[in-house]
Every structure is written in C-alpha cells, then in structure tokens.
There are 2 protein chains.
Amino acid sequence: MLTYHLDTGAKIPLYEQLYRAVRQDIMSGALKGGERLPSKRKLAAHLEISQITVETAYSQLLAEGYITSRPRSGYFVHGQVQRTAAVPPLRKTAKQITSVIKYPYDFKTNIVDTACFPFTLWARLLRGQLTDRADHLLEAAPPQGVMVLREEICRYLAEFRGISADPEQVVVGAGSEYLLNLMIQLLGRENIYALENPGYPKLSRIFHACGARVAPVPLDLYGLRTDLLEQSGANAVYLTPSHHFPLGVVMPAARRLTVLQWAEEGQDRYIIEDDYDSEFRYSSRPIPAMKEMDHADRVIYLNTFAKSLAPSLRIGYMVLPYSLLEQFYHRCGFYASTVPSFEQYTLAKFLSTGGFERHVSRIRNLYKARRDSLLSALASSRLASFLSISGAEAGLHILLTVKNGMDEATLIQTAAEHGVRVYGLSDYYIAGQGACPPSTVILGYAGIQSADFVNAAACLEQAWCAK
Amino acid sequence: MLTYHLDTGAKIPLYEQLYRAVRQDIMSGALKGGERLPSKRKLAAHLEISQITVETAYSQLLAEGYITSRPRSGYFVHGQVQRTAAVPPLRKTAKQITSVIKYPYDFKTNIVDTACFPFTLWARLLRGQLTDRADHLLEAAPPQGVMVLREEICRYLAEFRGISADPEQVVVGAGSEYLLNLMIQLLGRENIYALENPGYPKLSRIFHACGARVAPVPLDLYGLRTDLLEQSGANAVYLTPSHHFPLGVVMPAARRLTVLQWAEEGQDRYIIEDDYDSEFRYSSRPIPAMKEMDHADRVIYLNTFAKSLAPSLRIGYMVLPYSLLEQFYHRCGFYASTVPSFEQYTLAKFLSTGGFERHVSRIRNLYKARRDSLLSALASSRLASFLSISGAEAGLHILLTVKNGMDEATLIQTAAEHGVRVYGLSDYYIAGQGACPPSTVILGYAGIQSADFVNAAACLEQAWCAK
C-alpha cells in the first residue's frame, strides 16, 4: 500500500500533498504504468485521512492524465507518463554585464528631463478619467486607437504641423518601434528601405529584425541625397526632414519636393517621415511637415510623445496616406491596439484641454535655455577657438567638431577621464564610416541643468585643451 | 511689388499670413525661381507692417528652403521649388462597413465582464503609484519590463502554476499579439510553426503577417496529434494545453510528455505554451502548466491579463527558456518596453497586495455560476434531448453539438433570427474544414448575466426545435 507522510500542519492542503507524492512516484517510475492504485476508501483508511481528500487528489491526477479510471475496477497508473530521459539541470546564462560607470555630466541624446513633466495636471486628468470614463477604460480600444485621441491628434497636427488628416488615417501604437514593425508588415518585408546614413542606430536593427532589407543613403548639406536614392533600389525611404538625427540638417523645401517627386515616379513608393523632435525648434516657428506637401498621398507620418511628454508613456502614432488604408485594414487591421485605453483617454484630455500645448511651449523654452547655456559655456571656454558647432537650431542635441588634433575616440576617452560623457558621431553610421566627419562628437543637452554647463565645459576644457 | 491683403484682426499672426502668401506664390509659380524678393524694409513699408514681421516671414521661408539669401544682394526665390506635376485631389477610401446588428444575447468568446473589474481598488493603487513612484513612472521601463512586476509575475507563477521562473526570463509586453511578433523575431521567420487546427483564428494571420510559415496540425481527444507534428516539418509548436481553444480539450500528462520529448529530439525545437485562460478551471484546482514539466528548457510560456483583468490593459508576458535568453538579448534586446511604466507598477502592486488573487477567485466563482446557469437552462429546455455539450470544465465557453438535422450555418442563422448570436466551430479551422464536427457551435458565456440564460435558451429552443 502507498505510504506517504502527510503533514496536517502544513500550509499545503492534504489533498495536494497526496497528489504531489503520487505524481512524484509516477514520474520517477516508483509506480509503474498499468499499476493499480489502492481504492479511495482503503488509501484513506491507511493514511488516516478523509476519503474526500483522496478523491480530490485522484481527480486531480485523473484530470491531468497521470492516472486513468476504469469503471468498477478502480484507478490505474497511465502507461506513458514516466520520464525516460534523465532530467538535465537547468542552465543559467551569464547575466548581461552592463557598464555602471557614472558620469557627472552625461550628454545622452535619448533622454528628456522628466522633472518638467506636468505631473500634477497629468495625475488630475488620470483621476478624472477614472471617474468619468470608468466603463470605457476597460473596453479594449479599437485597433487604430480610441477615437477621441485620434481626433485630438488630427486637431494638433492641423494646428501645429499644418497637416490635414482624418482620424481614419491615424494609427496609435505602443511607441515608434512598434509602429515601425507594423509599417513593415504593411508595406512588405520584400521591399528595400532606404535609411539616412548616419541615422538613428536602432533603425537598421528593427528593419533587420523584421526581415526587411535596408539601403543606407548618405546625406549632403540639404539632407538625404536624392540622386543616390534612385540608385539604391529602395521603394520606401525613412527620413527625419524636420531635424536630421544626428546631423541636425533641416531639409529645405527643394529637396523635399525632389523626394516627393521620387515617390510619385514609382509605383508603390512611400516616404516615412519621422517627425521625432519637431516640437523643439528655437529660431523660427516649427517647420511644416513633409506630410503637409504630400499631394500625391505618399507620405507616412510618424511621431511619438516620448520626447514631448515622457518616454515611459509608450504612445506613438502614424498617419497613413489614404492610398494605404485598405491595405492596412487587410494586412494589419486585425491587430488589437497596443496602448491601454486608460492612457489613450488621458492623453486625449491632455491634448484637448490645451495642457499639451502649454507643456510643449514650457519645455521648448527650458531646452532653449539649456542650449543657450551650453553654447555660451562653450563660447566662453578656451575650447572656443578650435570648436565648430552645428545642428543647434532645433532638437535636443548639438554636434561639436573639435579641431585640436584628437580623433573621435580620443575625444570621447579624454572627456570620460574628466567626468564627461560625449558620444561619437561614427556610431550613427550604418555603413561607410569613412564618410564620417572626423573628430566630431554629439552632445545631448536635455538631461543636464543649465547651471551645470559651465562646469561641464570646464571639464571638457581640461580634457581637450593642451596643458 | 508683392501685394497681399493681410488681416490684422485675424487669429493667425501677420508674419505667418505673409509667409503663407509668399509661399503660395512660389509654389504656384507666380513667383519664379531666381526672382528677387523686395527688401524687408521696402516690403514692410509697402504693406504697412513692421519690418520685424517681414523679417520673421522671410526667415521662415529661408529656413524651409523656399528662398535663398545672398549677402548684400537680398532674398531670391529658390530655383527648384515649383511643383511641376498637377496636384491630384486626395482620395478617400470607403470606410470599412461593419455589421451593426445588435443581438439581445451575444455568446461572444473574446469578452470578459468588465463590470467585475475591481475598479475601486485599481483606482486606489493607481493613485498610490502617482504619489509613491512619481519619479519612476516617467522613466522608460527596461526592455523586459520593470523588475518589481517581473518578480511578482514569478511569484504568482510559482504559487499558482507550479512554474519556477527567474525574473530574468520574463518579458512583459503590450499583449500577446505583440509578444508573438517578438517571439517570431526571436525564433526566426524561416521556421515552420505548427498550430493547433482548429485554433484561435488570429494566430495564423499573425504568423503570416510576420512572414513565418505555419503548419496546421489536427487534434484528437487528447489535444494536438503528436504523430502528425513530426511530419509537419515544424520546429516550434503553439499549444493551449490547459484548455484548448476552441475545443476545450485539456491535454493529459502523457500527451504533454510526448510533445516535450518531440522538442528534446530536435535541435532548436520549441514549444509555445499559451496559458490563456488557465485561471478558469472549475472542477479541480488549476492544472499545472507544461512549463512546470519543462526539464529540457524548451517551453516558452505565454499569458496575459486580458481575460483575468481587462483587455484594455494590454499587458501580457512570456517566460523564456534559459537557452533562449542570449538569443533574445541579441535579436530583440534593443526594443524598448511597450507597456507604460505606470501600468506596470500598478499591476505589480495589484499582484503583491493579493488583489489579483482575490479578483481571480471572485470572477472564477462568477463565471462558474454563469456556466452552471447556462448548462442548467439548456438542460431544462426542450433542446436537451438533442444537444451534446463539451469543453465545459474550464474556460469561458462551451461547445454545443446540435443533432436536430440543421447544419452549422442554419443553426447560426436561425439563432440569429431569434436574437441569439452563436459562433460556428468551422470558423476556427485554418485548413481542412472537412474535419470539423458537424452542427457544432460555440457559446462564450462570460459576457452574459446568469439571469439571462433562461431567456437565451428559450430563444434557442424556438430557433432549433421543430414547431
């Protein structure tokens, strides 16, 4: 007869202790396939537990297929559940080792100052949504996003980016990386996608991960070289025309028209316009989007709230051309929305009450002040004589070309030794690093306080100026 | 001299009116390429506006490349910005026409009763997070999700699903559809993925959209036929072993071991275990997951909070085998998390304070009561004599095979005419609809109140019983 020690004082119920014990014996082979188990009554008496306990354990074993029951003959161990192979121990991989060096001044580019986030207002809107929209918050959002948010996005685009879009064209998604995944499924992974080179380094990884080919196309002073675009064999091109990342080039109207013309000339050619930091333009009003000039209906407009609000919100959107809507319904329309309804409604309210406008205008001033502090700290340092600065008219970073005889790697290394982290431009080249301007580094200033730039510049001075 | 009517009373600032007017003239060709614009001073005097206004408009045109400036000679229209092609009018596609028929009783399967959502508690936790975690809420979550949530998921899995997992193995993402996209990038789209046939209809669409091939594999009484799995050429198999969707089969231990053995026998074979409704098991305690038996480290465990909490939250997770972690870091580790930090922290708190356990136990009882009401309403109706019911032990739906001589389409049609929406089983077959049991419909009961089942059954009686 099966004999187990069951602990009546244990947290695990008796039936489960019995279930586990029998299962263990079956798995180990101590109970052989086909072997008859004691009747419930007998086992209960033997183990001095109630018959109900045995019954519950047996039903569990039965439900999971460890035992079978034959009417009027009882319970039998199932024939095929013993493990024949030895069980290998679990392996653990080495955890990824990440650098833990802390820099007093880190000129990261992928950062925003979350201290500027309008937390009180956002929290109030959230609470309001909890009260006002209780039911809707739990409903799954439509695949393209909740209507009020799409309407607010259209209103914002019309007012601030000159884009006339219909909510029907808008797709809300969990960040631009997700939206790119969707877009590649929409346009097809058999396409070649032309990417700006240099450009945002994750981009080519995303296209590769999705199985699409990319063609890196170099830039000149006006942005992506359209003469090379034709040669690239691409039928879609990814652009940051408002403010190129990382070079800072603003694509002039003539070049924009050439790209639009390229798109019109081929069947199924599309332009992906990433308007990632268009809110941050300091010298004149924000430049209109290419989508505004898109009379041939070939521009997919892409933007997120990561820079303008907070990266943790994970809300981005794209505006599809009318010509792609049917294809979108067909190829991607079945996907559920990836953004919680709760966040969508709150953001819609934030937009409709003017909170977003006020917030953007406040942080634009703040970042402008930071940029000005950085520029003036550099200008009044000993670095000034051998620095050339570009890309400062917009966005949240500048480029420094340092003509002190050091190469890029040495600039980064010596800066690091003096507590300042700067980033090498060559890291942003997908291919043809040889074309990278020499001795050029990137300084993102959004995450550093205005008051700190003088000290940061002093550190750079020590690092880069001959003693 | 350029003459425009500028409206000083308009909402649009004067400089922008001027900018738009000049740009319009450039685009239309009224101002030719190379043409010289009037000086700022002259134009200001001519239009009776301030010189600053003209200057702002000109800088904007300059920034966008519509005009160029030559030192000491003034501003000139850029040579290449006129549009040569005629501008085609925007097309609009016909909006998708969706059925708007309202059924008094809709036995949908993809629904949960959001009225059961613990709204007050959730709102309290949300508010608490707003206060306690203010800073963290704005930080981008790590790619695999915030650590406290991953830890809570592991604790839950250990306690309720018998799975021992490390937070390092957990990837949190915006719903199971997104996680599947990620998983296909992880395992490779050159793989063949075996899918249960019948199964969840969106599945094969997702695999297709991602460019992966699928092999539909039929089921027998114990779940997916492992003898056909080998023949399918697949090296990954997608399973719902706790409760097959839609047939309701619970895969017994013997079959599970056979699948695990299949995985061990080939290099790089993996099992994707979708545990989508494991919380809803009514007769015995929840059956342990296959992942618990995964000694060879070949099971990817997938689950979401869509059924157990609310579909609108968009939080799912997968538990990767250790053997795939390095590959994950390499292929997908660069993707940002798709779930707002805010939701992640709130859910972690909901899990750690026991709110989730209590909620699941409450709704399990509720859904069990609904199932019982439905079963008893059917049993006491005139339908009882020619109905055969299956898949009722778990989950949120049952299968009805109706032996009254009607085929599936007629059953659906006549039910609809009597105000009841039921769903045909054949819709869930990816291929080989011929293998579909005849005259079988699916009734999801999670969205209908217990008190309504008697009326719904009466309607079905009218629809399906001979007069």
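J.: Sorry, what's going on with the overall build of chain A here?
T.: Within chain A, the regular secondary structure consists of 15 helices and 16 strands. Rg of the C-alpha trace for chain A: 31 Å, well past the compact-globule value of 23 Å for 467 residues, more than 25% over. Principal axes of the C-alpha set define a box for chain A whose edges measure 95 × 60 × 50 Å. Within chain A, the proportion of its 467 residues that are buried is 59%. In the form shown here, chain A has an accessible surface area of approximately 18,900 Å², with 52% of it arising from carbon and sulfur atoms. Of the side chains in chain A, 48 bear a positive and 45 a negative charge, and the two mean positions are spaced by 8 Å.

J.: For this particular structure, what's the right way to read the relation of the copies chain A and chain B?
T.: Two copies of one chain are present, and they are related through a rotation about an axis combined with an axial shift. With an axial shift of 0.0 Å and an RMSD of 0.1 Å, the rotation relating chain A to chain B amounts to 180°. Expressed as an axis order, the relation between the two copies is that of a two-fold axis.

J.: Looking at this model, I keep getting lost on the interface of chain A and chain B. Mind explaining?
T.: In this assembly, 92 residues from chain A lie in contact with 92 residues from chain B. Across the interface of chain A and chain B, roughly 8,100 Å² is buried in total on both sides, 57% from carbon and sulfur atoms. Summed over the shared surface of chain A and chain B, the result is two salt bridges. For A:Glu292, the salt bridge is made with B:Arg23, and the minimal N-O distance between the two is 2.9 Å.

J.: Sorry, what's going on with the sheet that holds strand β16 (residues 440-444) of chain B here?
T.: Two pairing modes exist for strands in a sheet, parallel and antiparallel, and in both the strands are linked by backbone hydrogen bonds. All names here are of chain B. The antiparallel open sheet is built from four strands, whose spatial order is β12-β13-β16-β15. Every interior strand has two partners, whereas the edge strands, β12 (387-390) and β15 (423-424), have only one. Against the sheet, helix α13 (residues 355-379) contacts β12, β13 (397-402) and β16, and its axis sits at roughly 15° relative to β13.

J.: What am I meant to see in the pairing of strand β10 (residues 299-304) of chain A here?
T.: Both faces of the sheet carry side chains from a regular strand, because those side chains alternate between them. Residue and element names in this part refer to chain A. Counting buried residues along β10, six of its six residues qualify, which places the element largely inside the surrounding structure. Across the two faces of β10 the burial is the same, with Val 299, Tyr 301 and Asn 303 and Ile 300, Leu 302 and Thr 304 all buried. Here strand β9 (residues 270-274) pairs with β10 via four bridges, running parallel. Bridge assignment links Ile 271 to a residue of β10, and that residue is Val 299. Pairing between β10 and strand β11 (residues 316-319): four bridges, direction antiparallel. In the strand pairing of β11, Thr 304 is matched with Gly 316.

J.: Before we go on, may I ask you to explain the pairing of strand β9 (residues 270-274) of chain B in this structure?
T.: Residues and elements named next belong to chain B. Summarising burial for β9: five of the five residues are buried, a large majority. Burial of the side chains of β9 extends over both faces: Tyr 270, Ile 272 and Asp 274 are buried on one face and Ile 271 and Glu 273 on the other. One ladder, built from four bridges, connects strand β8 (residues 236-239) with β9; its direction is parallel. Paired with Ala 236 across the strands is Tyr 270, a residue of β9.

J.: Whenever I open this one, the side chain of B:Glu273 confuses me. Can you help?
T.: Mapped onto the secondary structure, B:Glu273 falls in strand β9. Residues in contact with B:Glu273, not counting those within four places in the same chain, are B:Leu239, B:Pro241, B:Ala289, B:Met290, B:Lys291, B:Val299, B:Ile300, B:Tyr301 and B:Leu302.

J.: I would appreciate a short explanation of the packing of helix α6 (residues 147-160) of chain A against helix α12 (residues 341-352) of chain A in the present structure.
T.: Helix packing for two helices is described by the angle between their axes and how far apart those axes are. Residues and elements named next belong to chain A. Across the interface, α6 lies against α12 with an axial gap of 8 Å and an inter-helix angle of 35°. Between α6 and α12 the crossing geometry is left-handed. Each of Val 148, Leu 149, Glu 152, Ile 153, Arg 155 and Tyr 156 in α6 lies in contact with α12, whose residues at this interface are Gln 344, Tyr 345, Leu 347, Ala 348, Leu 351 and Ser 352. Taken together, the residues that form the contact of α6 with α12 break down as eight nonpolar, two polar and two charged.

Criteria and thresholds
- Residues numbered from 1 in each chain as written.
- Chains lettered and ligands numbered in written order.
- Predicted model: local features only at pLDDT ≥ 70, side-chain atom pairs only at ≥ 80, totals over all residues.
- Heavy atoms only, no water.
- Helix = DSSP H or I, 4+ residues; strand = E, 2+ residues; numbered from the N terminus.
- Rg over C-alpha atoms; globule rule 2.2 N^0.38 Å.
- Buried < 20%, exposed > 50% of the residue type's maximum accessible area, 1.4 Å probe, protein only.
- Areas by Shrake-Rupley, 256 points an atom, 1.4 Å probe, with all protein chains shown as cover.
- Lys, Arg positive; Asp, Glu negative; His and termini not counted.
- Charge placed at Lys NZ, Arg CZ, Asp CG, Glu CD.
- Least-squares fit on C-alpha atoms with pLDDT ≥ 70 in both.
- Contact = heavy atoms within 4.5 Å.
- Buried area = accessible area lost by both parts, 1.4 Å probe.
- Salt bridge = Lys/Arg side-chain N within 4 Å of Asp/Glu carboxyl O.
- Pairing = 2+ DSSP bridges.
- Axes fitted to C-alpha atoms, helices over the stretch in contact; angles between N-to-C directions.
- Left-handed = near helix turned anticlockwise from the far one by under 90°.
- Nonpolar A, V, L, I, M, F, W, Y, C, P; charged D, E, K, R; others polar.

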